[in-house]
Structure formats: C-alpha cells, structure tokens
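Summary of the model geometry
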Amino acid sequence: CICSDVTLPWLSAVRQSESRGRDVTSTGDRAALTYTKSSLSLFSRTTSFAAPVEEDDKFIAPLAHCWAPSGHVYVGCEESVLLKVDVESGKLSVDSQKLISNQLLRQTGRRAVSTSDDIDEIPGVALTCVAISKEGLFIATKDGNVYSVDLNSKELTVTPRHHGDGPCISSLVCSPSYNTLAIGTETGCLSVFSPGEQGSLTELVNVNTGTFIGLDTVSVGTHHCVTARENGCVQIWSVDDCTVVASLDLGCPVSSVKACPSSNTIVVGATSGHVYIIDASMSEHIRIVKRIHLHQGPVLHIKFDPTGQFFITGSTDECVYVIDAKPSSQFNCHGFLNIDGEVKAIDCVGPQGNATSPTTVVILSNTQPDDSNLASGATRLTQFQISDRLLSGSPDVYQNLKKEFKDSELMKLTVNLTALSMGVAVTSNGRVFTQVHTKALQELSLNPADLADQSERKVPNLYPDNEVPGHDMVGTAMTLSEHRKWLALASKDGSVSVRDVDVLDKCIKLPVHSLPAGGVSHVIFTSDGQNLITAGLDGVIACHQFAFTQSGRNKSAQAVEHARSRNSALRGYRQREDAELQGMATWTPGDGQTVDESLDKEDESREKEQEEGEEIYVTPLPTLEPDATWLEEQQLMAIKEEDKQYSGDKKEIRDEIHGLRQTIHTMMNKNETVPDIEKLGRSEFNLDVDELARLQQDADTRVNMVKEDIDFENLATLYLRELIKTECWDSMTVKGVHLKAFSGGLEVANYPMKELTKEAKVELEEVVRMRKVELADMATRKQIVEATDKGKASEIKLMDDDEEAAGEEETGDVVELPATTGSLGVNYGGGNELFYSQFELHGREQKRAQIVLLTDAIYRVKMAFNKEFDEIYRAKEQEMTRIRERNVRIQKIIHDLNLKEEVAVPEWNVSEKPEMLLTVDDSEVTVEKFLSPEQQAREEELSKIEEQRRLAEKADNWRDRGLDVMMGGVLEIKKEDELKKDVPLPAFASNPQEEWTEDEIKAYKEYERKVKELEEERVKYHKQLESELKKHQSSITDGISSFHDLLQQLFNRKVKTEMVIFQEELKMLRLNYSLLLEEELLEKEMKLNREMETFKQEKVQHAGALQQSRKQLDVYKESYEILVAEDKVMDKAFKREFSDVPASQVDHLYKLYRRRPRGPKTLKSTIDLDPNSQNPFSDRPLSARQLGNQAHLVLMRSLAELDDESHMPEGVELSTWQRLCTARRTKVSSEQLVKQKALTLADMNAFLQKRVEDDQDSMDQMERIGSELIRLREAKTKLMCDLEVQLLLKQGQVEVNDGTFVPDYSNSILIHRNVVEDLNGKIRTLGKVKISSMNETKDFRKGIHQLEWERKRLIMQIEDLQTQCRDIQLLRVTKELQVFLNEKDHESRKQQEIQILEATLQLQNKKLDKRVSEFKATMKELLRTIKKKDGENKDLVFQLRELNVTVAERGHIHEVTADKKLETSSERRMQDIVQRRKLVELAKAQAQEVAVLRAEVERLRMRTFPALVQVEH
C-alpha cells in the first residue's frame, strides 16, 4: 500500500509560475494586457506607445489580474499596489484617495505609463490574487489575509474580510452564484469563504505539500508511523489502511523527528534549535507537552537508545546532548559532550544479554563544513559509551559544573574516515556500516588500541575492513532492523536495497520513489521487521510488505520474536510512562523555562554587597536572554555555583591582584621618571607571556583581515576621490578658498564658481538682446511723445521750488533708488541698466527675463568679491614671505643671545590651500609605516650603502682638510664668532702671585685689559642684537596688523555681499513663486476649458437625443392611441358580428368572449433573477417588448385550453364556437398589444425624462464651470496687477514686531521719514535736558563721597601712628642687643668668629684621618684571618669528601656480603652494627664541625660590614 500526497492542479489556476507570462484577451479583440514577474505591457492594434523610462522611476511586479464589468482590468502587484488599467485609453490608475506622494511609477514594455497621482497602497504585503463581485474587488495577500475594495464609492475604502496568519494564498475564485469564494493556498489547503458572513472560512481539503524531513515508527512500531514536514506539520499515519490518523502543526520549520520505543512520545527537532515533546498516547489527538531549547542551530538528528531510556540530539553547533526520555523525569537533560564538526548521522546499539552493559553510540561529523566538496558528507567518526553511571547524575562523571561529560567516563574514541560518508549503522557485535561518496558500502571495525594511540599522535585514520558496491547514485539514508540483522540503504536514484549484515554481497533492490524528484530521503523497518516504510522527496510515503521464502521465514521469525520479547519487557514500563505523559499539561507558546529563583536572590545579594561599598569591583554575573538554550542556563548556574563556592578565594585573589596592580602601576610610574636609556618597554611589565603570545596571534589575524578590508575601502575611497575631484575641483573656474587671520578666529571664504553653461550663456544673451530692443523702443516712443507735447510746454505753470525738487526725483531719466529696487547690488558689482522695475513686472516673459538678469547679477557680485579676495590673498602671500625672511634673522639673533624664545612660524591652512588635500604629506601620517620583511631588508641595505658612502667621503676630503689647516675651517671671519672666543689665560697665572716677575705682572694686567674690552664689546653687541630683534618683531607685528585690517575690511565686504545676494535671491524666489501660481492658474483654466468643451459636446448630443426622443415619443403615442381606439371598436362590434346568433346565446357568448385564462396579471420575466446575487455579469431584465412576447406565448397556450370544445355551451353550433374562439384570440392579441405598447410608452417616457435630466445636468455643469472660470480669471488678473514689491529699508525704519519667522506686515503702513525724524528731534531735545540735570546731581554726590573718603583716611593714619608709638615703648633691650649696639667694628668681630671655626674644622679633619687609618689596619688584619680560615675550610671539605666516599664503599661492601653475613654469628653482626654506629656518629660530628666552621667563616665575612649587618651570637 502506498500513502501519497494529493496534488490539486486547480488550486493554482489563477497564480501560475512567476517565470512565465500570462495573457488575457478582451472579447472585442481591441486590446490585450500581458504581464510577467517584472513588467506589464498594454498594447493595441490601432495605436502604439513609446515612453522613455527615467532613472529615478520605480518598478512594480504584477502578480494577478481580473476583468471588471466596466471593461477595466484590475492588477495586483507585489509592492502592495493595486492598479486599474483602462484598455480603451491605455491609462493606468486607481480610484483612491490614499496616494503615495513624490513617487513616479513607470511600466516597462511597449507602453510606459506614469502613475504619479493614482496609486493606492493596500494593507499587507504582495497582492497575490484578485477577484470581482458586486460587493467590490476581493484581494488576497501573501500573508493569508483577504480584503475587499469598494469600487463604487468616490473615496475608495479597503475593508478587511478575513485575517489569517497561514500560508500564502495562491488562488481566489468566485462560485457561479458569486456568493462564495474558494481560497487555495500554496500548502495544498482549499477553503470556502462567504463574504456576507464575517470570518466564515470553512476548510474543505487540507493536503499538506511540505517536504518530508523525518520518518519513524510509533510506540509498538507495527501499526503507526510518524512523519514531519519542513513547514512544521507532524502527522501520524496508519500502516494498515494508509490514512492520516492525527495531525499537528507546530507553526515553525522543523528538521527531524523520532518516536520513543518505551512510551508514546514523539520528539521533533526544529530549525531554531528547539526540541518539541509530543504526547501521542491518544492516537487521534496529539499535543505538545514540553519544549526544550538545546542547540544554537537546527536539530538535525535525534536518536533513542533501544530501550527508550534516553535520546541523543545533534546539530551544527558541535554539541551532542543526552536527554532523559522518561516522562516521569520531565525529560531532563543528563549532560552533553563536544563533537568536532557538524553532526551528520547518529546510531546507537544497546546491551545484548547483559542489561547493565553500556550503550554504544556512534556519531559521524564533518570537520570541514566550509569546504563545498566535503560539506555533504562526514569526515570523522566518534564512538562513546553511555552507562548507568552517566545517567545517575553523579558529579564525578562531569568535568565541570556545566554537565559536560568526561571523555574518560564516555570511553570516547575519535577517528578520521578515509572517504566522505553518508549515514551510519552499528550492529550488536560492534560492526559499523556506512555509505561513502563513491557509491559503495563500507564495513568498519573500531580497535580499542586506537584509543591508546590517540595520546601519542593526532586523530588516527580508520580504514574499511570490507567494501561492497552500493547504489547507482550517492546514498541518502541507512538503517538497521530492530534485531540488528538486516540493513536497508536508500539512495537518490529512488531505490532501496535490503541486505543481511552477515552476507553483504547479496541484496534486494526496490524502486520506490521518483528519480527526478530526488529519490529516497528516509527509510525505516517496522519493529517486527515485516514491513519497510520509505519517504521520498516526491512527497510519497511507501509501505512495503516482505514476501519471505522458506529460509526468509525463519529469519523473519527471529525478528518477530525479538519484537515480541521487547514489547513484553517494556509493556508495564510503557503503561506507567504513558500515564505520566497524559498527566502532563499541554504546552503553550507563553510557557518558558526559567532559572531557579534562588540564583536571582544571589544576584540581588551580590548587588546589595556591591552597593554597600565593596572596595574591589566584582564583575556582575551575566543574564539570560529570552528563550535561552539549556547550555546557557547551565553555564549561568555553573558560574553562580563557582562564584558561591570560591567567593572567599576570589576575594583574596582580587585583593592580591589589586595589590600587584598597584605595585606594577608604581613601577610603571617610576619607569616614566628614569632616563630614556634606563626605561623599560611596556611589554616588560606583562606577566602572562602565553596570553600575550595568544593575543598577539589573534591580533595578527585580525590585522590581516583589517588590511584586506582597508585595501577595499581605500580602492573605493580612491574612486570616490576621483569623482569628487572631477565634480567639485576640476570643474570649478574659481576654487573655494578660505583666508584666515594670523591670530584670532577671523576667517573669510570666497565664492566657488563654476563656468556658465552654454545654455545659460545663450539664454542670457537672448534676454539682453530682447531687453535692449525694448529699451530702444521705449526711448523712441518717448521722443515722439516729447516732440508732440513740445508746443504745449509754454502753457504749463511752473511749480514751486519744493515741488520742482520732488518732481526731479520722480520724473526724467533718474536712476531708481535702492529703496525701491529692493537690493544694494549696484554698489557691489551687480548693477544692470537692463533690469525691469518691480512696478512693471506684469507678464510672464518679463518675470522670466528678470530672473535671468538677477542670476547674472548674483554671478557678477560674486566675481567682484572674488577679485578683492584674490588681492588680499596675494597680500597675505607677500606678508608671509617677508615674515619667513625676517624669522631667519630672528632665529639667528635668538641663538646668539641664548634666549629660550620660540619663533612663531606662520603656516598655510588646508582651507587656505585646498590643493593640499589632494596630496598627502609624510608629516600627516601619524602612524609608523608598515614595512614587510622584504621592504625592511631593502631599507637596511640602502642605509648601509648610504653610510659607506658618507664614511668614504669623510675618509680623505682634501677640500675640508685644506680649509681647516689654512683658514680654521671658515671662509669668512664673522664678528660674532670672534666675540665668542675668550682671551687666553697666561701660563704663569697658576703660580702664586708672590713668585710673579714684573714682566709677568705687566702681562697679567694686559690680559685683564683685553678681557675687560672683550666684555664691553660683547655687551655692546648684545644690545645691538636686542635692538635689531625688537625692530624685526615690531616690523612683523605691524605687517600682521595691517593685514588684519585688510582682512577685517574684506570680512565686512563679505557680509554686505551676502546680504546683497540674499536680497537678489529673495526677489528671484518671489518671482518664481508668482510664476508657479500663474502656471497653476493657467493649468486650472485649461482644465476647466477642456471640461467646458466636453460638456458643450455632451449638451449638443443630449439636445439632439432629446429632440429625437420627443419626436419618436409623439409618433409612438399616436400609434398607441389608434390601437386603443381599434381595441374599443372591436369590443363594440361583437354583437354586430354575431347578429345571426339568438339573443339568448349572445349574452352568454359575450361573457365567454370577455373571459380570460388565469395567469399573471403583470408581465414578468421568465428568467429567474436573484436580487441578492453578487454576479456582476448577470443577465439584465428583459425589455417591455420581450416581456410582452413571452406573456403572449403563455396566454396563447392558456387560450388553447379555453378553446377546447368541452367549454362550448349547449345549443351553440361548432362554427359559431370557432368564430368565437377566433374573435377572442384576436381580442386577446389586441389587448396584449395595447399592454405592450403601454409599457413601451412608459419606458419611452422614462427614457425621455432621463434625457431631460442629463441635459439639465450638462447645463448645470456648464454654469458651474463658467462661474469657476470667471473667478479664476479674476484671480489671474489680480495676480498680474497686484504686484508684491520688495522694499529696502534700514533697520531703524522698521517698527513692526517680529513674528515666528518673519515680521507680519499685513496690518502695517508706510510712513514718510520726515514724520519720524521730527518726532525723534523732540525726543532728543528732552533727553538732553534730562541728562544735564542728571550730571549736576552726579557731581554733587561725587563731592560728598570724596569728603567721606578723606575723613576715613585721616582716621586710619592716626591709628597707624599710635600703633608705632606703642611698639617703640614696649621694645626690650637684651645683652646681645647691647653688645651689638656697643660694638663699633662689626667686621673684625666676624673675622674672629670665622678664624675660630676654621681652626675647629682643621682639628676635626685630623681626627678623621687618624680614625680612617686605624680602621684600614683592622680591615687588613681581618682579611688575613679570613684567608687563613678559607684554607682550613678547603682542607676540611676535602677530608669530608674522602670520608663520604669511604662510607659509601663500606655500604656497598656490606650490601654485597649481606647474605654471607646472615650465616655468621650474632657477635660478628653486633660488631658490624657497633662499627657502623661509630662511623655514623663520626660523620655526624664531622658534619657538625664543618657546619660550625662555615658559620664562623660567614661571621668573619659579615664583620666586614659592621654598619649594615648585626651578627647574632
């Protein structure tokens, strides 16, 4: 039997592959819409479109579309954008008020449409599906939500209809009645949704389409199996009938699944590193009971031991965890061990026979996951054993508090595999099977001797014992049966092979899955070995039942017996554990694992102790992140436990470290004070050399990585530098430069200028030419007017003098004042006679020309300032040149005067010389240049060659030698060099003066005279240098001051220039704003005119249609009246037609004539129209003519029944009855025709009324647009005439309070300045009067204060004199003071005291010499004694060595003859013992004597240092 997924192709009927285009063609063959993943094109047979795509355009990706009854196409895009495409005009829009501002959307293809103002954002993500109904447009998003959009309202509204966090909706289809929506998802789920009922989503089919990532048998292992898909769906399948028994969606991607053999527990590993424990005791309802976060990466492998006591998990984080599988133990983790590399496969084998023997676990791992060639398989095998001792939780099995198992307890063995392996299986006797990348099956055996070899060498290689061919392609999985006798291999070729582990050459091959889909992914045996279950990448689970032969039945019986015995052994245990499992609470996402609260209390106590002022800083313990792993929790608990256990020791160590740190800091501080030659490097103070080496290695690695990053960054920076230099430097005609003062913060910058573009120059020339023509035309017209009015000039009265003065300012060719021009550009190089007056700017062309002229004025203002800037810049260059020349002389003078002054050397700043930024100077590089070993060797070689050359030049240079010999080493004798030379002292000056001769006395006097003259020359030269130094310094100061004055003037000029530029730019902004307003008004006027033309055309059409409708109505009404009259005539002519019938029968026949068949009184449609139907394409109601035809047919069928002869009255002839029936039919037809005509006439009246309303609406719209046009033209006229003028007023002339940003002049008026000046004059007069009175008051108060100060001064002087008098009266005269006062010759007294002190000093020196001689004699005597004792000690040492040798020889002799001596008598033995005892005592005595002698020698030696050491006796 085969269990497989069901594929529903119609679930994705709307959303096909995104890589292929989808076409929808309209019914009229007029236009078509075609779009792919990244483009949308609209093209028609009659027109072709072509629009360029701009660089800043945004692109969208259409995903789904649908037609609307209006003929539009609605398109849902990936960017949450809904588009409406009009196939008639080719426009792209959305009727929405939620617009995306400042975005331009262009569609690629044949038609590029701008949608800058008609784009709507639908809430959510990509719009995957769209469907239309009468309620609106239904939209499905990628996150599973459904929205409806009301297309009829003017303000488009988006209403959520269904909120789902499920998979992406791939299809959205309406039912034929359009009352229900069918929703299909990418995961194979089909649901029905009713839009009228909020949230009424009914699931019909849910066929999960995720890839299988795990397969295992459940509990007993013969009736059920469990699978897990990568999307988190866990399913339990029945092996008997191949149906899904239970299903559970974990809501997260999973990576592995296994079932426990000892309980109904399923363990699922997630890609997030979590392990989910699922209760499957109730097969129809499974639930999650616990979640454990173990790994940092995905849980790739889970393996239970055969008895179900524990399970093992593996991942990519190189950790393997052992978890208790019993629900009674709450699935606690026993511990973990580290495995090299990423775990690729796990298998284990339990004890056989002896239940106490350990469980052997084999793990394959990949130690080189980064290598693409080795990433798919395993390169290393690790084997270890898990015993009951490990599972008991004894602390001895862990190597740390994190519960990491000891390798010795695990009996861990690690070997390298010689081939890349996939999958592993272990038999009961320790044989290991694995598939390799060479498509072979290898058999391995682990020798325990390999474990001992690991301590002597690296990880050994494990070579296969046997190798047999496998599948045609690389294997994917392998497993052993429960009794460990049969081996099943799976491969990518879609087949499974089954082998006997004892006979590997023979196998049974089963092709079970599709090769193109990826083959087999998982394979397992049932517990009794009767079935083989496989899962493939084709989405199929296959269950195969073996057909055994006679010999195979015997082997099968062994498997069945093994399963029966194991189940019987685990039955009671399984019942107990299932009961515990059912008692566990259901896990919810809000449940989390927390650490013991006691640990938190320890943290609080630690913080409290630290807050109380602990001197040594204690590093705070780390805190757990939300959803921490089990290992992180154990690490935190281990840290806290260690901290608690060793808190005292840590405190002592911290104290010692603190003291050691203080000592090292003291040493380092002392090291900073010693001379450079005695200084130690900072590395000499490092205590941990190994750690330093490790850090150095890590630093080298990081340096190499940083170097690579820096190289790439430098390359990018160089490219960016070239771009910036080309754009901002090379293209500038005037480079941006700053000019700084020599001191202070004053700085002025010029204006960087680019050359005017060709278009700007052409535009400026055109405006200038046009403006000159206008001025010439105005001048010509003025001349004509003046010539015309010249004859009338005599009749004009002369004005007064004041009026003439005012008139001269207002008439004539007087230049406009800056107050009315609005700027001071004329004063700063921006003047132009071509400017328009602000009162003449009425037209658009004038404003545009004024903007061009203002732009040119700003350019000229900047250029004028740049010229002044260049002059000041050259002045600074000259000044710096003069300062450098003077500094050379100043430095020479300072050197000659031995002054410690520093000469200020001015330097150019980078902002002053911006070209310095383009080159890097060596002084700018603050770090030492890195040299490779080759570069260092080359540098050393060059330095050696340079040193040899320099030494060769110094060896014998005849030029320098001749200069030294002939001219003393200089070519020119300078005065300062001569003054530095001292007068040579005569040779006899060292002799006593009493021995000098008269010539020598004269020579010494001559020497003193020369020395005095030399000192005078030196003083004179010193003063000369000082005056020269002051002169140069003052000259430099004057030059700098004059430059600062120029720079200050330039700064003031820059401020004024900025003001002028801002004034001109403000005028430009105002003109641009007025142009924009005018353009906006023009656009509105054009739009209104277009609407007016449209409504006029509609009005003409409506008027023609109205006239035609009235004519048709009159004609039809006339025909209706004729028909009604004919119908009445037919009723009246009945008796005349039946005049041959007896009168008694005529009345009865007339009643029959008036009789009508029963039926509907009104005309109704035969089509059943549901008013609640949501079908937007439903049939329209029938017209009156169609309804009449249908009613006529129905009535005729009813009349056929009345015409039957059974209804004929008695006594009436058959011919008469037939005439009656014919007349009745004619009458009924006439009546039906009258009714039909009446209904048609009503429809025509309604149609005429609709035409009248349309005509009236068109008239109303035309009136509305006409009134809007009038208001718009009035606003346009006001904008042209009501000009906004910029006036330039001084700061004191504005008396308006400042607003938030600018003053508000809405309620302000302009006042003539004379009014303000008169008022200010009066204020000044009154102020002067007030100030004069205040000065008089001030002077009077000043005199009072001066008199008060003089009085206080005299009082203080009296107090000082009284204090001096008191001190003189209280002075005591002592004996020393009397002697001093009586002594007349104080100098002789001082000489006497000096002589006494000198005599005392000589006496003390004599005593010191005598004492020193005595100590020297004593020291010589002691040295002789020490030498003698050294000789004696050497003799004693030599004797001691000989005695030791003698004792050793006797000891050896005694050991050799020990056996013989046993036979001797006890007396001989006693003698030997006595003799040995004597020798020992002698050796001890000699050793004691030697020790005494050594102590004496040490004492004598220490006597040489009596002041430093005190000898203890």
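Structural data are supplied above this passage.
Residues numbered from 1 in each chain as written. Predicted model: local features only at pLDDT ≥ 70, side-chain atom pairs only at ≥ 80, totals over all residues. Heavy atoms only, no water.

1. Comments concerning the overall build of the protein
The line we're drawing: Only DSSP runs of H or I reaching four residues or more are called helices, and only runs of E reaching two or more are called strands; each is numbered from the N terminus. Throughout this description, buried means an accessible area under 20% of the type-specific maximum (1.4 Å probe, protein chains only), exposed means over 50%, and partly exposed covers the range between. Whether two residues are in contact is decided by their heavy atoms, any of which lying within 4.5 Å being enough. For every accessible area listed, the method is Shrake-Rupley and the probe measures 1.4 Å; residues are considered covered only by the protein chains on display.
The number of helices and strands found in the protein is 25 helices and 48 strands. Looking at the protein as a whole, 33% of its 1513 residues are labelled buried. In the protein, 56% of the contacts between residues at least 6 apart in sequence involve partners at least 24 apart. Just so you have it, the protein exposes about 97,700 Å², and 53% of that area is on carbon and sulfur atoms.

2. With respect to the pairing of strand S23 (residues 265-270)
Rules: Whether two strands pair comes down to DSSP finding at least two bridges between them.
For S23, a buried count of six out of six residues is recorded, marking the element as mostly surrounded by other parts of the structure. Here five bridges tie strand S22 (residues 254-259) to S23, and the two strands are oriented antiparallel to one another. Residue pairing in the sheet places Lys258 in a bridge with Val267 of S23. In this structure, the hairpin formed by S22 and S23 is closed by a connection of five residues.

3. Digging into the pattern of salt bridges
Going by this rule: Salt bridge, as used here, is a side-chain nitrogen of Lys or Arg placed within 4 Å of a carboxyl oxygen of Asp or Glu.
Counting across every chain of the model gives 57 salt bridges. Here Arg882 ties to Glu879 by a salt bridge, and the two come within 2.4 Å at their closest N and O atoms. Separated by three residues within a single helix, Arg882 and Glu879 lie in helix H12 (residues 844-897), roughly one turn from each other. Its salt-bridge partner being Lys1276, residue Glu1085 comes within 3.5 Å of it at the nearest N-O pair. Of this pair, Glu1085 sits in helix H16 (residues 998-1132) while Lys1276 is found in helix H20 (residues 1214-1281), placing the two residues 191 residues apart along the sequence.

4. Remarks on the nonpolar core
For soluble globular proteins, nonpolar side chains are generally found buried alongside one another. Put simply, the rule is: Only buried residues count toward a nonpolar core. Its members are Ala, Val, Leu, Ile, Met, Phe, Trp, Tyr and Cys residues joined through side-chain atoms within 4.5 Å.
Leu739, Val748, Phe865, Phe869, Tyr873, Leu1047 and Leu1050 are the most contacted members of the largest nonpolar core, which has 34 residues in total. Those elements giving two or more residues to this core turn out to be helix H9 (758-788), H12 and H16. At 12 residues, the largest contribution of residues to this core is made by H12. Contact partners of Phe865, with chain neighbours within four places excluded, come to Val748, Ala749, Asn750, Tyr751, Leu1050, Arg1053, Lys1054 and Thr1057.

5. A word on the packing of aromatic side chains
In plain terms, the rule: Pairing of aromatic rings covers Phe, Tyr and the six-membered ring of Trp, with a centre-to-centre limit of 6.5 Å; geometry is then stacked below 30 degrees between planes, edge-to-face above 60, and tilted otherwise. Placement of a positive charge over a ring is assigned whenever Lys NZ or Arg CZ falls within 6 Å of the ring centre and within 35 degrees of the normal to the ring plane.
Tallied over the entire structure, the rule returns 19 aromatic pairs. Measuring from ring centre to ring centre gives 5.4 Å for Tyr751 and Phe865, while their planes differ by 75°; the resulting arrangement is edge-to-face. Note that Tyr751 is positioned in the loop between strand S47 (747-749) and strand S48 (753-754) and Phe865 in helix H12, a separation of 114 residues in sequence. With respect to class, Tyr751 is no different from Phe865; both count as buried. Put simply, the rings of Tyr751, Phe865, Phe869, Tyr873 and Trp908 pair up and form one aromatic cluster. The lysine or arginine in question, Arg771, covers the ring of Tyr836, its NZ or CZ lying 3.9 Å from the ring centre.

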